[in-house]
Amino acid sequence: MDGPERRSTVRVPLGCAATIMTPAPQPHVEAVCADIGVGGMTLLTRYVPCEGEKFDVLVEPPAGSPGGTMHARVRVRRCQARGDGRFELGVQIVKVIR
């Protein structure tokens, strides 16, 4: 069991494609936005960031949903290995750009 939920806001499960915009000269990295809430999101990716690192992320809308890609600046709050070669990043949304 993971223990009690510590978030004060609800997270909505998504499973949408996302792109982590890493600083140049690194290439952008594919990810999945597993869930999103008012203050943050969970990303599944092969990218291993530094604690507190900031980067931009593009999140595609769910298939068939109206609206466009969300562009946000985020800060890494946690990074956990999943055992499938990917990492689960808990990120705080610092600013929604679009």
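Rules and cut-offs
Residues numbered from 1 in each chain as written. Predicted model: local features only at pLDDT ≥ 70, side-chain atom pairs only at ≥ 80, totals over all residues. Heavy atoms only, no water. Helix = DSSP H or I, 4+ residues; strand = E, 2+ residues; numbered from the N terminus. Contact = heavy atoms within 4.5 Å. Salt bridge = Lys/Arg side-chain N within 4 Å of Asp/Glu carboxyl O. Buried < 20%, exposed > 50% of the residue type's maximum accessible area, 1.4 Å probe, protein only. Pairing = 2+ DSSP bridges. Axes fitted to C-alpha atoms, helices over the stretch in contact; angles between N-to-C directions. Core = buried A, V, L, I, M, F, W, Y, C linked by side-chain atoms within 4.5 Å.

## Observations regarding the overall build of the protein chain
- Counting secondary structure elements, the protein chain contains zero helices and six strands.
- Going residue by residue from the N terminus, the α and β elements of the protein chain occur as β-β-β-β-β-β.
- Oriented by its inertia axes, the alpha-carbon framework of the protein chain measures out at about 35 × 30 × 25 Å.
- A separation of at least 24 residues holds for 48% of the contacts in the protein chain among residues at least 6 apart in sequence.

## Remarks on the pattern of salt bridges
- Scanning the entire structure with this criterion turns up six salt bridges.
- Between Arg82 and Asp84 there is a salt bridge whose closest N-O contact spans 3.5 Å.
- A salt bridge links Glu88 to Arg82; its shortest N-O distance comes to 4.0 Å.
- Taking relative accessible area as the criterion, Glu88 reaches 21% and is therefore assigned partly exposed.
- Here the salt bridges do not stand alone but share partners, grouping Arg78, Arg82, Asp84, Arg86 and Glu88 into one network.

## Considerations on the sheet that holds strand β5 (residues 70-81)
- Spatially, β1-β2-β3-β6-β5-β4 is the arrangement adopted by the six strands of the closed barrel, whose pairing is antiparallel. Sheet twist, expressed as the mean angle between neighbouring strand axes with direction ignored, is 45 degrees.
- Bridging between strand β3 (residues 40-45) and strand β6 (residues 87-96) involves six bridges; their strand directions are antiparallel. Residue Leu43 lies in a different strand from β6, and its bridge partner there is Leu89.

## A look at the nonpolar core
- Ile20, Met41, Leu43, Phe55, Val57, Val74 and Val91 are the most contacted members of the largest nonpolar core, which has 19 residues in total.
- Residue assignment for this core shows that the elements contributing at least two residues are β1 (12-21), β2 (29-36), β3, β4 (54-59), β5 and β6.
- Top contributing element to this core by residue count: β2, with four residues.

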